[in-house]
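The residues making up each chain are set out below.
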Amino acid sequence: MSTLNKMLNKARRAVVRSGVASQDADDIVHDAYLRVREFELGAKVLSPEALLVTAAKNLAFNFQRRKKRGTFFIPMEDELSMADDQPSADEMILSQERFGQLATGLEHLPEKTRRILLSRRLDGKSFKDIAAAEDMTVAAVEKQVARATLELLKWVDK
(Lines give C-alpha, C1' and ligand atoms only; values in the text may rest on other atoms or scores of the structure.)
Protein backbone atom coordinates (compact mmCIF):
# COMPACT_ATOMS: atom_id res chain seq x y z
CA MET A 1 0.00 0.00 0.00
CA SER A 2 1.39 3.41 -0.88
CA THR A 3 2.38 5.99 1.69
CA LEU A 4 -0.43 8.32 0.59
CA ASN A 5 -3.06 5.60 1.04
CA LYS A 6 -1.68 4.82 4.51
CA MET A 7 -1.89 8.50 5.46
CA LEU A 8 -5.44 8.83 4.13
CA ASN A 9 -6.57 5.67 5.93
CA LYS A 10 -5.03 6.87 9.20
CA ALA A 11 -6.82 10.24 8.85
CA ARG A 12 -10.08 8.46 8.02
CA ARG A 13 -9.83 6.24 11.10
CA ALA A 14 -9.20 9.31 13.27
CA VAL A 15 -12.25 11.05 11.80
CA VAL A 16 -14.49 8.02 12.33
CA ARG A 17 -13.23 7.69 15.93
CA SER A 18 -14.32 11.29 16.52
CA GLY A 19 -17.92 10.24 15.85
CA VAL A 20 -18.39 11.12 12.17
CA ALA A 21 -20.34 8.65 10.05
CA SER A 22 -18.14 6.68 7.66
CA GLN A 23 -19.92 8.07 4.57
CA ASP A 24 -19.03 11.62 5.71
CA ALA A 25 -15.50 10.71 6.77
CA ASP A 26 -14.27 10.27 3.20
CA ASP A 27 -15.44 13.79 2.29
CA ILE A 28 -13.78 15.27 5.35
CA VAL A 29 -10.49 13.50 4.68
CA HIS A 30 -10.61 14.61 1.06
CA ASP A 31 -11.13 18.23 2.12
CA ALA A 32 -8.32 17.93 4.65
CA TYR A 33 -5.98 16.49 2.02
CA LEU A 34 -6.72 19.34 -0.38
CA ARG A 35 -6.04 21.90 2.34
CA VAL A 36 -2.78 20.24 3.33
CA ARG A 37 -1.63 20.10 -0.29
CA GLU A 38 -2.42 23.80 -0.69
CA PHE A 39 -0.58 24.61 2.54
CA GLU A 40 2.46 22.61 1.40
CA LEU A 41 2.81 24.82 -1.65
CA GLY A 42 3.66 27.83 0.53
CA ALA A 43 5.34 26.31 3.58
CA LYS A 44 7.68 23.51 4.52
CA VAL A 45 5.86 20.67 6.27
CA LEU A 46 7.92 18.37 8.47
CA SER A 47 5.25 15.69 8.84
CA PRO A 48 2.54 15.68 6.15
CA GLU A 49 0.87 12.72 7.87
CA ALA A 50 0.52 14.51 11.20
CA LEU A 51 -0.73 17.65 9.46
CA LEU A 52 -3.29 15.63 7.49
CA VAL A 53 -4.60 13.82 10.56
CA THR A 54 -4.79 17.06 12.54
CA ALA A 55 -6.57 18.89 9.71
CA ALA A 56 -9.01 16.02 9.27
CA LYS A 57 -9.77 15.90 12.99
CA ASN A 58 -10.36 19.67 13.06
CA LEU A 59 -12.66 19.47 10.05
CA ALA A 60 -14.50 16.57 11.70
CA PHE A 61 -14.93 18.65 14.85
CA ASN A 62 -16.32 21.55 12.81
CA PHE A 63 -18.60 19.16 10.94
CA GLN A 64 -19.98 17.73 14.18
CA ARG A 65 -20.48 21.22 15.65
CA ARG A 66 -22.43 22.36 12.55
CA LYS A 67 -24.46 19.17 12.67
CA LYS A 68 -25.43 19.76 16.31
CA ARG A 69 -26.36 23.36 15.66
CA GLY A 70 -28.51 22.29 12.76
CA THR A 71 -28.19 23.64 9.30
CA PHE A 72 -30.51 26.12 7.77
CA PHE A 73 -32.06 24.75 4.65
CA ILE A 74 -34.93 25.62 2.39
CA PRO A 75 -37.16 22.78 1.23
CA MET A 76 -36.85 22.24 -2.50
CA GLU A 77 -40.42 23.25 -3.32
CA ASP A 78 -39.93 26.55 -1.45
CA GLU A 79 -36.63 27.16 -3.19
CA LEU A 80 -38.26 26.74 -6.57
CA SER A 81 -41.00 29.18 -5.71
CA MET A 82 -38.39 31.75 -4.72
CA ALA A 83 -36.64 31.61 -8.08
CA ASP A 84 -36.75 34.86 -9.97
CA ASP A 85 -38.71 34.31 -13.15
CA GLN A 86 -38.10 37.83 -14.43
CA PRO A 87 -35.97 38.04 -17.58
CA SER A 88 -32.42 39.29 -17.21
CA ALA A 89 -31.36 42.71 -18.48
CA ASP A 90 -29.71 41.12 -21.52
CA GLU A 91 -32.88 39.22 -22.35
CA MET A 92 -34.92 42.42 -22.03
CA ILE A 93 -32.63 44.32 -24.39
CA LEU A 94 -32.63 41.46 -26.90
CA SER A 95 -36.41 41.25 -26.69
CA GLN A 96 -36.77 44.98 -27.32
CA GLU A 97 -34.45 44.77 -30.32
CA ARG A 98 -36.41 41.88 -31.77
CA PHE A 99 -39.68 43.73 -31.17
CA GLY A 100 -38.28 46.74 -33.07
CA GLN A 101 -37.25 44.50 -35.95
CA LEU A 102 -40.68 42.90 -35.94
CA ALA A 103 -42.39 46.30 -36.07
CA THR A 104 -40.20 47.33 -39.01
CA GLY A 105 -41.01 44.07 -40.77
CA LEU A 106 -44.74 44.61 -40.23
CA GLU A 107 -44.47 48.09 -41.78
CA HIS A 108 -42.92 46.58 -44.91
CA LEU A 109 -45.71 44.04 -45.42
CA PRO A 110 -48.45 44.90 -47.90
CA GLU A 111 -51.54 46.36 -46.18
CA LYS A 112 -53.79 43.38 -46.93
CA THR A 113 -51.20 40.84 -45.82
CA ARG A 114 -50.55 42.77 -42.59
CA ARG A 115 -54.30 42.97 -41.89
CA ILE A 116 -54.73 39.22 -42.46
CA LEU A 117 -51.72 38.34 -40.27
CA LEU A 118 -52.83 40.58 -37.41
CA SER A 119 -56.38 39.24 -37.60
CA ARG A 120 -55.04 35.73 -37.25
CA ARG A 121 -52.26 36.28 -34.68
CA LEU A 122 -53.61 39.10 -32.52
CA ASP A 123 -57.37 38.80 -32.86
CA GLY A 124 -57.31 34.99 -32.97
CA LYS A 125 -59.73 34.79 -35.88
CA SER A 126 -60.04 31.56 -37.80
CA PHE A 127 -58.85 31.24 -41.39
CA LYS A 128 -62.47 30.76 -42.42
CA ASP A 129 -63.61 34.03 -40.78
CA ILE A 130 -60.72 35.97 -42.29
CA ALA A 131 -61.39 34.48 -45.73
CA ALA A 132 -65.04 35.56 -45.52
CA ALA A 133 -64.12 39.09 -44.40
CA GLU A 134 -61.45 39.51 -47.11
CA ASP A 135 -63.45 37.76 -49.84
CA MET A 136 -60.73 35.13 -50.33
CA THR A 137 -60.44 31.38 -50.13
CA VAL A 138 -59.26 29.72 -46.94
CA ALA A 139 -56.18 28.38 -48.76
CA ALA A 140 -55.25 31.88 -49.93
CA VAL A 141 -55.52 33.23 -46.37
CA GLU A 142 -53.35 30.37 -45.08
CA LYS A 143 -50.71 31.17 -47.71
CA GLN A 144 -50.79 34.88 -46.83
CA VAL A 145 -50.28 34.12 -43.14
CA ALA A 146 -47.44 31.68 -43.91
CA ARG A 147 -45.65 34.12 -46.25
CA ALA A 148 -46.07 37.01 -43.82
CA THR A 149 -44.69 34.89 -40.98
CA LEU A 150 -41.65 33.91 -43.05
CA GLU A 151 -41.04 37.54 -43.99
CA LEU A 152 -41.22 38.62 -40.38
CA LEU A 153 -38.81 35.89 -39.34
CA LYS A 154 -36.33 37.25 -41.88
CA TRP A 155 -36.72 40.74 -40.41
CA VAL A 156 -36.22 39.55 -36.87
CA ASP A 157 -33.09 37.57 -37.80
CA LYS A 158 -31.44 40.59 -39.44
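One can find the structure itself at the top, above this paragraph.
Model, not experiment: these values are computed from the prediction.

## Some words on the pattern of salt bridges
Link 1 in the chain: Across all of its chains, the model carries seven salt bridges by this definition.
Link 2 in the chain: Among the salt bridges present, the one from Glu49 reaches Lys10, with a minimum N-O distance of 2.8 Å. Of the two residues, Glu49 sits in helix H3 (residues 48–69) while Lys10 sits in helix H1 (residues 3–17), which places them 39 residues apart along the sequence.
Link 3 in the chain: A single network of salt bridges, built from pairs that share partners, joins Glu111, Arg114, Arg115 and Glu134.

## A look at the packing of helix H6 (residues 111–121) against helix H8 (residues 138–157)
Link 1 in the chain: The interhelical angle for the contact between H6 and H8, taken along N-to-C directions, is 95°, at an axis separation of 9 Å. The orientation of H6 relative to H8 falls into the category roughly perpendicular. When H6 is examined against H8, the residues Thr113, Ile116, Leu117, Arg120 and Arg121 are found in contact with a partner set consisting of Val141, Gln144, Val145, Ala148, Thr149 and Leu152.
Link 2 in the chain: Classifying every residue of the contact of H6 with H8 by side-chain character gives six nonpolar, three polar and two charged.

## Description of helix H2 (residues 22–42)
Link 1 in the chain: In a regular helix each residue adds 1.5 Å, so 21 residues correspond to 30 Å; H2 covers 31 Å between its end C-alpha atoms and thus fits that length.
Link 2 in the chain: In this fold, the buried residues of H2 make contact with H1 and H3.

## Considering the nonpolar core
Where a protein is soluble and globular, its nonpolar side chains tend to be buried together.
Link 1 in the chain: Of all hydrophobic cores here, the largest spans 16 residues; its most connected members are Ala11, Val15, Ile28, Ala32 and Leu52.
Link 2 in the chain: Those elements giving two or more residues to this core turn out to be H1, H2 and H3.
Link 3 in the chain: In terms of residue count, H3 provides more of this core than any other element does, six residues in total.
Link 4 in the chain: Every residue in contact with Ala11, bar those within four places of it in the chain, is listed here: Val29, Leu52, Val53 and Ala56.
Link 5 in the chain: Counting eleven residues, the second-largest nonpolar core is a separate cluster that includes Leu117, Ile130, Val141 and Val145.

About the thresholds
- Residues numbered from 1 in each chain as written.
- Predicted model: local features only at pLDDT ≥ 70, side-chain atom pairs only at ≥ 80, totals over all residues.
- Heavy atoms only, no water.
- Salt bridge = Lys/Arg side-chain N within 4 Å of Asp/Glu carboxyl O.
- Helix = DSSP H or I, 4+ residues; strand = E, 2+ residues; numbered from the N terminus.
- Axes fitted to C-alpha atoms, helices over the stretch in contact; angles between N-to-C directions.
- Parallel < 35°, antiparallel > 145°, perpendicular 65-115°, else oblique.
- Contact = heavy atoms within 4.5 Å.
- Nonpolar A, V, L, I, M, F, W, Y, C, P; charged D, E, K, R; others polar.
- Expected span 1.5 Å × (residues − 1).
- Core = buried A, V, L, I, M, F, W, Y, C linked by side-chain atoms within 4.5 Å.
- Buried < 20%, exposed > 50% of the residue type's maximum accessible area, 1.4 Å probe, protein only.

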